[in-house]
Amino acid sequence: MNSRMPPSSPAGRDSSRPPLVTSGLDSKFNPPAPVAAQVLRQNLCDTICRAAGQLVLVSAPAGFGKTTAMMQARNRLEDAGVPTVWLALDRADNDVSRFMSCLDEAVARLGIGSAGTDAVSALTRTDASFALFLDELEAVQEAAVLGLVREIADHLPRGGHLVIGSRSLPQLGLARLRVRGLLVEIEAARLRFSLEDALSFFEQRSKAYTLTAGQLFRLHQKTEGWVAALWLASMALDRTADPGDFIDRFSGSDRGVADYLAEDVLANQPAHIRRFLLRTSLLRQLDASVCAALNPRADCAAILEQLDADHLFLTPVAGEQPTWRYHSLFADYLRTRLEREHPEEVARLHLGASGWYESEGRPVPAIDHAIEGGDFPHAMQLLQGQAENFLGAGRMRLLSRWFGSLPATQLRQHPRLEMINIWAAGFTHGAWDAMDMLERSGLRNSEDPFLRAHANGMRPMLLAMQDRNEEALEVGHEALQRLPTGHDFPDTTLLNAMAHLTVLSGQPREAQQLLDAARRQHSGSGTFHRMYSESTEGLLDLLQGRLRHATARFRLAVDATHAVNLRHTHGNAWAGVFYASVVYEANQIDQADHLLNVYLPLARDVGLPDHMIESHAMRSRIAFINGDVDAASLALTELEYLGSQRKLPRVAAAAKLERARLLMLQGNGPAAHEELLRADDPALWAREQRQRLVSHDIQYMALARLRWEITFGDAAGCLPRLDTEIQHAKACGRLRRLLVLHLLRALALQRMGDAPAAMALMATAMQFASQEGFMRLVLDEGPAVGALVQRFQAVHERAPARDPLLGDYLQRLLQAFGPLPTESESLAELPGAALEPLTRKELRALQLLVEGYSNSAMAEKLFVSLSTVRTHLRNINMKLGAHSRTQAVAIARKLGLIA
């Protein structure tokens, strides 16, 4: 192991924290063993080690020495006393849960968190120095995983080193990091060996040959300093009698060079070694036992040790017994050669590996190799015994991947597996695909009780996922009459789905009864159903205004599949988006954004309407809070597109409502009114009024019109409609909605000049909000409501009997609002003298200020530095006679300088 401080060392981790990953993942934290001939990359190490607080991206094609340079920098940092951890990534890390487990272990090894600390938060908020090395990031394409890496890079602390090795440019918002000066790039040109590097390299190699200066120059020129080509050439030169002739024959500078040289290397191996290399190339990890299953006559332990000693493309990994893996480039080459030279052996080798893993009780690799070996009947036989267990555990993506690899004609011969495939499709490809598969399969009409039970439990849930809630409720009531069927998964799913639907139809008592029945059915087993039950009860709490209870329920739901996990990022989209919404409501913006990085892409893929609306609206609001107005608009554009593409008019309308809210906060009344007209679909909103949809509890058409009228129209004329909405919310027990309506009524009264009545209503609203901890619900109404809170705080402070808890809540709320216009600023008179005109750039900066852009976002939009933006803002204040940003905006509006 290359690390100077082994993970098992007491100094290598916080001893109070237990290991978070199994021994099967320990190998990911071991950098490759150093090769014998290694050139010190002094300049690259200096660059990496100086870049604290910046992302270092080492990007180049395979074989350019990315990993070696990173390993040397890691050693340098460790020698300087900086805790480091190495994490080698692979395709399996596209699983968000697995990647988060690895991050958790990395934090533990760095010793920068405590038990229960979220890994990303620990990395971005610590004051301690550390270095995290992520190698082979090109293996990761999952947006949620890349979003987590981007979050770390965006908020890297001053003492933090984040060093990434990748064959391609990852989607990490590199342009933004570049503008902010937070990106150091090391590309292929800097990684190439110079002639001096090449000379040093060959001097460290075997003395079986000596290259002349001319030969070395020609070889360096032909390889263009490509490290892997020089290394492979050195191995071939070890076995050639005429180095000059070899170099003369050598040509090319791309992947073909590696193939050509590898043939020379492979051709010089003894026959039994060559055969071993080809036959084991199909394995992801190699130990003596599994290799023996594919090479029964070979001394596999001795061969592996010899290959390791010869550094022949073999990398050791940690495990209970000696284990290695092939370098990915070499493994690709070997597999290609095996398929070309011995095509008849490929399937047999896969099946041998499958059989070995099956005998070891490891069904996942057993099924993988059976499928890759083309033995689909055996793969389905293995699946028959495991699929229901994976279904109950919520392993929908794994099941979907397997079923997607099986021939449809053969899968139809196994109706029970076909039914489980439909379940998996519903949670990975969406309810529309699953419903179509169910109808085309004819399984609903089967005589098999298993199939009838699953179809009975599936249809109401799929209809609800398609936003056909009223139809789903009718079908579900019929399905309930057929319970119990004797099959736990579909019966419990039906009970949970019906509980969810009765919540939406305004029947909380019936919903609670169904939830109790669902819990009795699964009796604590089945992680999927625990998640479903807790999510539904949390939703019921949220709609009734019990935010604290809802938060606890959603947290339990997210962690249902990871009972020991305290970081809440390993769940699934169904519960995860709801949990993100209550975290956002508590004004924990960074954590909510972190959760959305995980759950928004999953919600988008599955296509759950309310989850898509909630997640994209939160993403837009968080971007606006952070002053990134473009990102806020982009999130809503994506939401509207998804609604149109998937024929979900409610989703598209929700995007328009949210855009209207954003425009109102920017003071753009006409544009906001236009968006409200675009969102107005009487049939859609009439249907919404009959249901209790979480995404429209406090954002629906009637409320949006009232908000616009109070802000830009006739506040007094709104009161009758507001009172009607308030009475309806009280009658239905929708206390969260009632809180928003009270805030809007108080604002209308203030606009009408009835300050005492406004303050009386604010007392009611603030008392309830403080008891449950509502924050963003108040903050998102904007500075006008902030001014009401400010006035109410003054009234509360003068009261003879003060509530200390309410006082603390009001203080936190006002701190979150930030600077609010004072009474004098709101009533500021226009300057009497002639104003010095604003320049074109200053007018543009003023408009961006009004629209909510942060200083850094303004700099990007104006293509200027931050200091230039600050100069523009100072000039604006001076020319307008303003003393703050808010006063400058107020004066500019009165002067008609902005819309």
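None of the values given here were measured: they were computed from a predicted structure.

**A few points about the overall build of the protein**
Thinking step 1. Of the regular secondary structure elements, the protein holds 49 helices and seven strands.
Thinking step 2. Across the 899 residues of the protein, 56% fall into the buried class.
Thinking step 3. Residue pairs at least 24 apart in sequence account for 69% of intrachain contacts in the protein once pairs closer than 6 positions are excluded.

**Looking at the sheet that holds strand β5 (residues 183-186)**
Thinking step 1. With parallel pairing, the five strands of this open sheet are ordered in space as β2-β3-β4-β1-β5. Two strands in the sheet have a free side with no partner beyond their single neighbour: β2 (84-88) and β5. Neighbouring strand axes in the sheet, compared pairwise and without regard to direction, differ in orientation by 15° on average.
Thinking step 2. As paired strands, strand β1 (residues 55-59) and β5 are joined by four bridges and run parallel to one another. Its bridge partner lying in β5, L55 is registered against L183.

**Describing a nonpolar patch on the surface**
Thinking step 1. On the surface, L843, L895 and L897 cluster together into a nonpolar patch covering about 210 Å² of accessible area.
Thinking step 2. Secondary-structure assignment places L895 in helix α49 (residues 885-895).
Thinking step 3. You can call L895 partly exposed: its relative accessible area is 32%.

**Focus on the packing of aromatic side chains**
Thinking step 1. Under the defined criterion, the tally for this structure stands at 14 aromatic pairs.
Thinking step 2. On the basis of an interplanar angle of 70° and a centroid distance of 5.5 Å, the ring pair of F390 and W402 is categorised as edge-to-face. One end of the pair, F390, is in helix α20 (residues 376-392); the other, W402, is in helix α21 (residues 396-405), and twelve residues separate them in sequence. One exposure class covers both F390 and W402, and it is buried.
Thinking step 3. Each residue in the set W423, F427, F489, F528, Y532 and W574 is aromatic and connected to the rest through ring pairs, giving one cluster.
Thinking step 4. In this structure, R737 is placed above the aromatic ring of Y700, and the distance from its NZ or CZ to the ring centre is 3.9 Å.

**Digging into the pattern of salt bridges**
Thinking step 1. If you walk through the whole model with that rule in mind, you get 52 salt bridges.
Thinking step 2. Residue E105 is joined to R109 by a salt bridge in which the shortest nitrogen-to-oxygen separation is 3.0 Å. Within this pair, E105 and its partner R109 are both found in helix α4 (residues 96-110), separated by four residues, close to a single helical turn.
Thinking step 3. The buried category is assigned to E105, whose relative accessible area is 1%.

**With respect to helix α6 (residues 143-154)**
Thinking step 1. Helix length check: α6 (twelve residues) gives 16 Å between terminal C-alpha atoms against 16 Å at 1.5 Å per residue, within 8%.
Thinking step 2. Residues of α6 that are buried: A144, V145, L146, G147, L148, V149, E151, I152, A153 and D154.

**A look at unusual backbone geometry**
Thinking step 1. For the bond running from L483 to P484, omega is -5°, close enough to zero to count as cis.
Thinking step 2. Despite not being glycine, D467 has its phi angle at roughly 70°, a positive value.
Thinking step 3. In this structure D467 comes out as buried when scored by relative accessible area, which is 17%.
Thinking step 4. Look at K647: it is not a glycine, yet its phi comes out positive at around 55°.
Thinking step 5. Looking at the secondary structure, you find K647 in the loop between α34 (629-645) and α35 (649-665).

**Side note on the side chain of R661**
Thinking step 1. Tracing the backbone through its elements, the reader meets R661 in helix α35.
Thinking step 2. On the basis of relative accessibility, which here comes to 7%, the residue R661 falls in the buried class.
Thinking step 3. At 2.9 Å, the side chain of R661 and the side chain of E658 are in polar contact.
Thinking step 4. Within the structure, R661 has its side chain in polar contact with the backbone oxygen of D780 (distance 3.1 Å).
Thinking step 5. Setting aside residues up to four positions removed in sequence, R661 forms contacts with R621, Q699 and D780.

**Structural notes on the environment of N456**
Thinking step 1. As for its placement among the helices and strands, N456 is situated in helix α25 (residues 449-465).
Thinking step 2. Non-local contacts of N456, meaning those with residues more than four positions away in its chain, are made with A479, R482, L483 and L494.
Thinking step 3. Among the polar contacts listed, one links the side chain of N456 to the side chain of R482, at a separation of 2.5 Å.

**Some details on helix α29 (residues 527-543)**
Thinking step 1. When the terminal C-alpha atoms of α29 are compared, their 25 Å separation across 17 residues agrees well with the 24 Å that a helix rising 1.5 Å per residue should span.
Thinking step 2. Across the 17 residues of α29, 16 count as buried, placing the element largely inside the fold.
Thinking step 3. Of the residues trailing α29, G545 is marked for its positive phi of about 85°.

**Side note on the packing of α4 against α6**
Thinking step 1. Packing of α4 against α6 leaves a shortest axis separation of 9 Å and a crossing angle of 30°. Between α4 and α6, the angle is such that the two are roughly parallel. Crossing hand, α4 versus α6: right-handed. Residues V96, F99, M100 and L103 of α4 pack against A144, V145, L148, V149 and I152 of α6.
Thinking step 2. A breakdown of the residues in the contact of α4 with α6 according to their chemical character gives nine nonpolar, no polar and no charged.

**A word on the confidence of the model for the protein**
Thinking step 1. When the pLDDT values of the protein are averaged, the result is 85; 88% of them are 70 or greater.
Thinking step 2. Ignoring residues within four places in sequence, the model shows residues 1-23, a span with pLDDT below 50, making 48 contacts including any to other chains.
Thinking step 3. Considering only residues more than four positions removed or in separate chains, one finds that residues 824-828, a stretch of pLDDT under 50, has ten contacts.

**Remarks on the pairing of strand β3 (residues 130-135)**
Thinking step 1. When you tally the buried positions in β3, you get six out of six residues, the bulk of the element.
Thinking step 2. Going residue by residue along β3, you find F130, L132 and L134 tucked away on one face and A131, F133 and D135 tucked away on the opposite face as well.
Thinking step 3. As defined by bridge partners, β2 adjoins β3 across five bridges and the pair is classed as parallel. When the sheet's bridge partners are listed, A88 is paired in β3 with D135.
Thinking step 4. Strand direction decides the pairing type here: β3 and strand β4 (residues 160-166), joined by five bridges, are parallel. Note that in β4 the partner of F130 across the bridge is G160.

**Concerning the environment of L182**
Thinking step 1. One can find L182 in the loop between α7 (174-179) and β5.
Thinking step 2. Take L182: its relative accessible area is 19%, and that puts it in the buried class.
Thinking step 3. Along the backbone, L182 and A52 are 130 residues apart, and their C-alpha atoms lie at a distance of 9.5 Å.
Thinking step 4. In this view, L182 contacts G53, Q54, L55 and L177; residues no more than four positions away in its chain are not counted.

**Concerning the side chain of H454**
Thinking step 1. Within the element layout of this structure, H454 appears in helix α25.
Thinking step 2. A relative accessible area of 0% places H454 in the buried class.
Thinking step 3. Leaving out residues up to four positions away in the same chain, H454 has contacts with L391, M419, W423, F489 and P490.

**A look at the packing of helix α23 (residues 415-428) against α25**
Any two packed helices are characterised by the angle at which their axes cross and by the distance between the axes.
Thinking step 1. Direction vectors running N to C along α23 and α25 enclose 15°, while the axes themselves pass 11 Å from each other. One element, α23, and the other, α25, form an angle in the roughly parallel class. As for how α23 packs across α25, the hand of that crossing is left-handed. The segment α23 lies against α25, with P415, R416, M419, I422, W423, G426 and F427 engaging F450, L451, H454, A455, G457, M458, M461, L462 and M465.
Thinking step 2. For the contact of α23 with α25, a count of residues per class yields twelve nonpolar, three polar and one charged.

Criteria and cut-off values
Counting from 1, residues in each chain are numbered in the order their sequence is written. Only residues with pLDDT of at least 70 get local features here, since the model is predicted, and only at 80 or more are side-chain atom pairs given and counted; chain-wide, interface and lining totals rely on the full set of residues. For side-chain calculations, the full set of non-hydrogen atoms in the structure is used, while hydrogens and water are omitted. The helix count covers DSSP runs of H or I at least four residues long, the strand count covers runs of E at least two residues long, and both are numbered beginning at the N terminus. Exposure classes here rest on a 1.4 Å probe applied to the protein chains alone. A residue is buried below 20% of its type maximum, exposed above 50%, and partly exposed in between. Contacts are residue-level and defined by heavy atoms, with any inter-residue pair within 4.5 Å sufficient. Two strands are said to pair when DSSP picks up at least two bridges between them. For every element, the axis is a line fit to its C-alpha atoms; helices are fit only across the contacting stretch, and the angle between N-to-C directions ranges from 0 to 180 degrees. Patch membership is restricted to residues that have no salt bridge and whose relative accessible area is over 30%. Joining uses 9 Å for like charges and 5 Å for the nonpolar side chains Val, Leu, Ile, Met, Phe, Trp and Tyr. Surface accessibility follows the Shrake-Rupley procedure with a 1.4 Å probe radius. Residue values consider only the protein chains on display as shielding. In the sections that follow, a salt bridge refers to a side-chain nitrogen of Lys or Arg positioned within 4 Å of a carboxyl oxygen of Asp or Glu. Centres within 6.5 Å make a pair out of two Phe, Tyr or Trp rings, where for Trp the six-membered ring is used; the pair is then stacked when the planes are under 30 degrees apart, edge-to-face when over 60, and tilted otherwise. A ring is scored as having a charge over it whenever the NZ atom of a lysine or the CZ atom of an arginine sits within 6 Å of its centre and within 35 degrees of its normal. One fewer than the residue count of a helix, multiplied by 1.5 Å, yields its expected span. In protein, a polar contact means a hydrogen-donor-capable atom and an acceptor-capable atom, both N or O and within 3.5 Å, with residues adjacent in sequence counting only if both atoms are side-chain atoms; elsewhere, any N or O pair within 3.5 Å suffices. In these notes the angle categories are as follows: under 35 degrees is roughly parallel, over 145 is roughly antiparallel, 65 to 115 is roughly perpendicular, and the rest is oblique. Two helices cross in a left-handed way if the nearer one is turned anticlockwise from the farther one by less than a right angle. They cross in a right-handed way if the turn is clockwise. Only Asp, Glu, Lys and Arg are considered charged, only Ala, Val, Leu, Ile, Met, Phe, Trp, Tyr, Cys and Pro nonpolar, and every remaining residue, Gly among them, polar. The pLDDT score gives, residue by residue, the confidence of the prediction method on a 0 to 100 scale.

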